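# Examination of the molecular architecture
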Amino acid sequence: MENVSEINQRVKNKPTDKILTASTLLKHFSIISYLVDIKKLRAVIPKEFDLYTIIIDGKQYGLVSAVTFIDKDFHFKKILPFCKLQFPQTNYRAYIIDKETREQCVWFFGTGLGSPLVFIPKKLWKMPWFLSKYKVNFEYSDKYILYKVEISAFNSSANIDIVEDEKTNFVIKDFSSLEEAQLILTHPVTGYFSRSDNSIGRYKIWHPKMEIQTGRCKNAYFEKFERLGLLKGEQMRQPYSVLLTKEIEFIIDLPPNKIELPLNKNISNGKNESLR
């Protein structure tokens, strides 16, 4: 019941519109998640955060995911709301816990954007975003019979080849309930990231409860995770879960905040190597 209440609260807490509040409809939304060695993940997450972990056969694992979608109509709700942009995007993230509030959050290793406008968050808010080139091919007929994405980016190339399951099979055996799995994997609303000035940034998003379908992986590779030392190529072809939804509304509460937590030097060096 606690997880149900938390999901409902996150859906209820729709942010009020500010000058830079952004809205977008995300299309072809996928979350490809992986189990990772806890020591390897701990090495690339600032010590100011705990790791969300699950236990399988007595062994503890962390979780990371690559989240890919098409921003269909990204716009600022109060500034030129008629100016709407479309571009593909991929977020590379880990599941973490805020030590102070105990909120389940995500840590962003970086974001690839298929638009030259990537320079705005990169320069203005010092976010770890980078330009990526996309080739996409989606076929949807009641379900995804084809979902292919090829990404070219410096140190962060990737490819995705997944299909939707005939019948949704949301893996929950490693969680206390279906609601906990949904809360952790599909509904984090606070994200942290390392800024280019070696401090930590934070921003929040909102979306309704996600109508999730599951899929299977024919092939997948994310150079980002390999360069971070978290996963090898063979492991990435066997994700922990593949989740999809055809479209979902997102609201992004901008600008991000700079918080007073100094970034661990080793984490900073790793960030600079992997996110250039």
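Heads up: these notes are all about the structure in this document. (Residues numbered from 1 in each chain as written. Predicted model: local features only at pLDDT ≥ 70, side-chain atom pairs only at ≥ 80, totals over all residues. Heavy atoms only, no water.)

What follows deals with the nonpolar core. Counting residues in each nonpolar core, the largest one holds 41 residues, and the members touching the most others are Leu41, Val64, Phe109, Phe222, Phe225 and Leu230. In terms of residue count, strand 9 (residues 144-152) provides more of this core than any other element does, 4 residues in total. Ignoring any residue separated from it by four or fewer positions in sequence, one finds valine 64 in contact with Ile32, Ser33, Tyr34, Val36, Leu41, Arg93, Ala94, Tyr95, Phe109, Phe225, Leu230 and Leu231. The next biggest cluster of nonpolar side chains, apart from the first, holds 38 residues, and it includes Phe29, Ile54, Ala181 and Tyr240. (Core = buried A, V, L, I, M, F, W, Y, C linked by side-chain atoms within 4.5 Å. Buried < 20%, exposed > 50% of the residue type's maximum accessible area, 1.4 Å probe, protein only. Helix = DSSP H or I, 4+ residues; strand = E, 2+ residues; numbered from the N terminus. Contact = heavy atoms within 4.5 Å.)

Within this structure, the stated rule accounts for 13 salt bridges. With its nearest N and O atoms 3.5 Å apart, the salt bridge here joins lysine 18 to aspartate 253. Within this pair, whereas lysine 18 is found in the loop between helix 1 (2-12) and strand 1 (22-37), its partner aspartate 253 is found in strand 14 (residues 241-259), the two being separated by 235 residues in sequence. Take lysine 18: its relative accessible area is 42%, and that puts it in the partly exposed class. Arginine 227 is the salt-bridge partner of glutamate 223, the closest N and O atoms lying 2.9 Å from each other. Here the residue glutamate 223 and the residue arginine 227 both occupy positions in helix 5 (residues 223-227), the gap between them amounting to 4 residues, near one helical turn. Under the relative-accessibility criterion, glutamate 223 is labelled buried at 15%. Overall, the relative accessible area of 42% leaves arginine 227 in the partly exposed class. Salt bridges sharing partners connect three or more residues here, namely Arg195, Asp197 and Lys258. (Salt bridge = Lys/Arg side-chain N within 4 Å of Asp/Glu carboxyl O.)

The subject of this paragraph is the side chain of histidine 207. Following the sequence through the fold, histidine 207 ends up in the loop between strand 12 (200-206) and strand 13 (213-222). Judged by relative accessible area, histidine 207 falls into the buried class, the value being 1%. In this structure the side chain of histidine 207 is engaged in a polar contact, spanning 3.2 Å, whose partner is the backbone oxygen of threonine 186. (Polar contact = N/O pair within 3.5 Å; in protein donor to acceptor, adjacent residues only side chain to side chain.)

Here the focus is helix 4 (residues 178-186). Among the 9 residues of helix 4, 7 are classified as buried, and the element is accordingly described as predominantly covered. Here the buried face of helix 4 lies against helix 1, strand 1, strand 4 (59-76), strand 5 (85-98), strand 6 (104-113) and strand 14.

Moving on, we get to the pairing of strand 5. Working note: regular strand, side chains alternate between the two faces of the sheet. Within strand 5, 12 of the 14 residues are buried, which leaves it mostly tucked inside the rest of the structure. In this structure, strand 2 (residues 49-51) lies alongside strand 5, joined through 3 bridges in antiparallel fashion. Across the sheet, the residue bridging to leucine 51 is isoleucine 96, located in strand 5. The sheet contact formed by strand 4 and strand 5 spans 9 bridges and is antiparallel. Paired with valine 64 across the two strands is alanine 94, which belongs to strand 5. (Pairing = 2+ DSSP bridges.)

Between two aromatic rings, the relevant description is the distance of the centres plus the angle of the planes. Counted by the stated rule, this structure contains 18 aromatic pairs. Seen in terms of ring centroids, phenylalanine 49 and tryptophan 107 are 5.8 Å apart; in terms of plane orientation they differ by 50°. Their pairing is tilted. Placement of phenylalanine 49 in strand 2 and of tryptophan 107 in strand 6 is noted, with a sequence separation of 58 residues between them. As far as the burial class goes, phenylalanine 49 and tryptophan 107 line up, both buried. A ring pair is formed by phenylalanine 49 and tyrosine 192, whose centres lie 4.6 Å apart and whose planes are at 50°; its orientation type is tilted. Pair noted here: phenylalanine 49 is in strand 2 and tyrosine 192 is in strand 11 (residues 190-194), with a separation of 143 residues, a long-range link. The class of tyrosine 192 is buried, set by a relative accessible area of 2%. One aromatic cluster is present, formed by Tyr34, Tyr92, Phe130, Phe222 and Phe225 through successive ring pairs. (Phe/Tyr/Trp six-rings, centres within 6.5 Å; stacked < 30°, edge-to-face > 60°.)

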